[in-house]
Amino acid sequence: MFSRRVNTFIFTLCLFFVLGSCSKKTIGYGVLLWSIDNPDIPSGVVLPVQVRSNIEQAWVTVVPEEYQTEENQVAMVPLPHLEFFISKGSAERFAANFNNYALYYAETLQDGLPIRDKPENNARRTYRLKEREIIKILDIVEGIEAISSTGDPLEGNWYKVMTQSGSIGYCFSYRLNIFEHTTGYLGNEPVQIDTSEDSDLEIVLTRTWYPESYGTMINSGKLNLDLLSENYSFKPGIMDGRARIHLESGDDEFVYKTITKTGNLSWNFTGTSLNVFLHSESILEVLWEDEGNAQKRETFVTLPLSVENIVRQEKERRQNLVQVLYARGPTFVSANYGALILRANGDFVWDELNLLPESIISKSTLGTGTLDMDYNVGGEMAERYSGALALRFNVISGARTSLVFAYTLDNQGLRMEYVPSDYVTGRTVNRRVSSPLVIYFSARN
């Protein structure tokens, strides 16, 4: 059974460390967001972390002395139920801020109650709760006043919450029963599925699967963080028997108790329209019917790192590119278009911005803003330029305005070519206009 495999994993891991003594060096510290039992540890406790198991989708942690038993000196915590930090000090500071709501949970009083991506009634629904489902209260937040179907304000507050499976969002408290919980089991029972004789099904159930487009994007090195940050995925939901498909086109959810093998490498989540086909250890085809009974099909893949780590590394790469430009300048001067002055934090000043054609930028645009490396070059543009950047200008009133440029550095300075939005696909510049505006800036220290 799944839970038996977890216990076996911990036991084997401890034997491996030091003949039954779990003394492996810690890799960091985590704050427990959802209480665990066996041993009983309440949420809010700081735990030393020894291992992150992607196979088990869990952290292996050391049990603090006050919660240890003879049988339990380590604990397995599902990945979403622990906020991980490299340093103990960072974990303790988080725990101190979390303390006000560490022990608070809520039971839903309405089937279909939504969790939203912002604390407001019209925000996108990211999760639909079942009646009597338990969720974790993470924080109270300011939000837009919730209104009933009759147009009257509802009593209550907006809370940042987390489901047992790890979905995080905002829920209004009008249909929640908030309560305090310290120790003992809390939540939906994990689905008990024996995968001991079906290693292929274990692959399906113990991994998070992402849209094939994510894999294509990562392999190309041209990352769109707007898409990645949405964390579109297929999650089998072994922890609570709720498989979830989260895509740009919409969300679907399937409640199940068992899984039926329908072929050599195919299974049905019994009682639902959800069917999966494992093409390889890293490719999964998923078929289902949405709420309107329309047939859906999507290919999902595994990723070499978590989306969070991929996003973090990409942000670091972009910051490094900004620093390269800054170090080469920080002032770049054009005989015809003024001076572009960069700051170490990515801000810029474009002196004499009015020299740019008004067809490109309006007179209400200020000559200050932020430089972002969130575009790429492809096709013929990759042969001419090393990258693409966005200059996001402040304006006198209203939203910022952005200009995209392909660029390259040489020994003397910076060459930039303006790219109209019609020539940008997603976040990639593939082609140039017939008569492009090319600006050459000489570097000045």
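Look a little higher up for the structure.
Residues numbered from 1 in each chain as written. Predicted model: local features only at pLDDT ≥ 70, side-chain atom pairs only at ≥ 80, totals over all residues. Heavy atoms only, no water.

Description of the side chain of Asn376
In this fold, Asn376 is placed in strand 25 (residues 365–377). Since its relative accessible area comes to 10%, Asn376 is described here as buried. Those residues in contact with Asn376, other than ones at most four positions away along the chain, are Gly221, Lys222, Leu223, Arg317, Ala388, Arg427, Thr428 and Val429. (Helix = DSSP H or I, 4+ residues; strand = E, 2+ residues; numbered from the N terminus. Buried < 20%, exposed > 50% of the residue type's maximum accessible area, 1.4 Å probe, protein only. Contact = heavy atoms within 4.5 Å.)

Concerning the packing of aromatic side chains
All told, the structure shown has 17 aromatic pairs when counted by the stated rule. Arranged with centres 5.5 Å apart and planes meeting at 80°, the rings of Trp34 and Tyr105 form a pair that is edge-to-face. Taken together, the residues span a long stretch of sequence, with Trp34 in the loop between strand 1 (28–32) and strand 2 (46–53) and Tyr105 in strand 6 (residues 104–108) at a distance of 71 residues. Seen from their ring centres, Trp59 and Phe84 are 4.8 Å apart, and the 10° between their planes marks the pair as stacked. Residue Trp59 is found in strand 3 (residues 58–62), and its partner Phe84 is found in strand 5 (residues 82–85); the two are separated by 25 residues along the sequence. Clustering of aromatic rings is evident, with ring pairs tying together Phe348, Trp350, Phe393, Phe405, Tyr418 and Phe441. Across from the ring centre of Trp59, 5.4 Å away, lies the NZ or CZ of Arg52, which sits over that ring. A cation sits over an aromatic face here: Arg427 above Tyr375, 5.0 Å from the ring centre. (Phe/Tyr/Trp six-rings, centres within 6.5 Å; stacked < 30°, edge-to-face > 60°. Lys NZ or Arg CZ within 6 Å of the ring centre and 35° of its normal.)

Description of the sheet that holds strand 17 (residues 259–263)
Within the open sheet, the 6 strands sit side by side as 13-21-20-19-18-17. Their pairing is antiparallel. What marks the edges here is a single partner per strand, and that holds for strand 13 (210–211) and strand 17. In terms of strand pairing, strand 18 (residues 266–269) meets strand 19 (residues 275–280) through 3 bridges, oriented antiparallel. Residue pairing in the sheet places Trp267 in a bridge with Val276 of strand 19. (Pairing = 2+ DSSP bridges.)

A few points about the sheet that holds strand 16 (residues 250–255)
Reading across from one edge, 14-15-16 is the order of the 3 strands in this open sheet, with antiparallel pairing throughout. Of all the strands in the sheet, just strand 14 (233–235) and strand 16 have a single pairing partner and so form its edges. On average, each strand axis in the sheet is tilted by 5° relative to the strand beside it, whichever way the strands run. Relative to strand 15 (residues 242–247), strand 14 is paired through 3 bridges, and the arrangement is antiparallel. (Axes fitted to C-alpha atoms, helices over the stretch in contact; angles between N-to-C directions.)

Some details on the pattern of salt bridges
Across all of its chains, the model carries 16 salt bridges by this definition. Measuring nitrogen to oxygen at the nearest pair gives 3.1 Å for the salt bridge that ties Arg132 to Glu107. With Arg132 in the loop between strand 8 (125–129) and strand 9 (134–141) and Glu107 in strand 6, the pair connects residues that are 25 residues apart, well separated along the chain. With relative accessibility at 57%, the residue Arg132 sits in the exposed group. Exposure remark for Glu107: the relative accessible area of 14% places this residue in the buried category. Here Glu417 and Arg432 are joined by a salt bridge, their closest N and O atoms 2.7 Å apart. Placement of Glu417 in strand 28 (residues 413–419) and of Arg432 in the loop between strand 30 (428–429) and strand 31 (438–444) is noted, with a sequence separation of 15 residues between them. With a relative accessible area of 23%, Arg432 lands in the partly exposed category. What emerges from the salt-bridge pattern is a single network uniting Asp226, Asp372, Asp374, Arg392 and Arg427. (Salt bridge = Lys/Arg side-chain N within 4 Å of Asp/Glu carboxyl O.)

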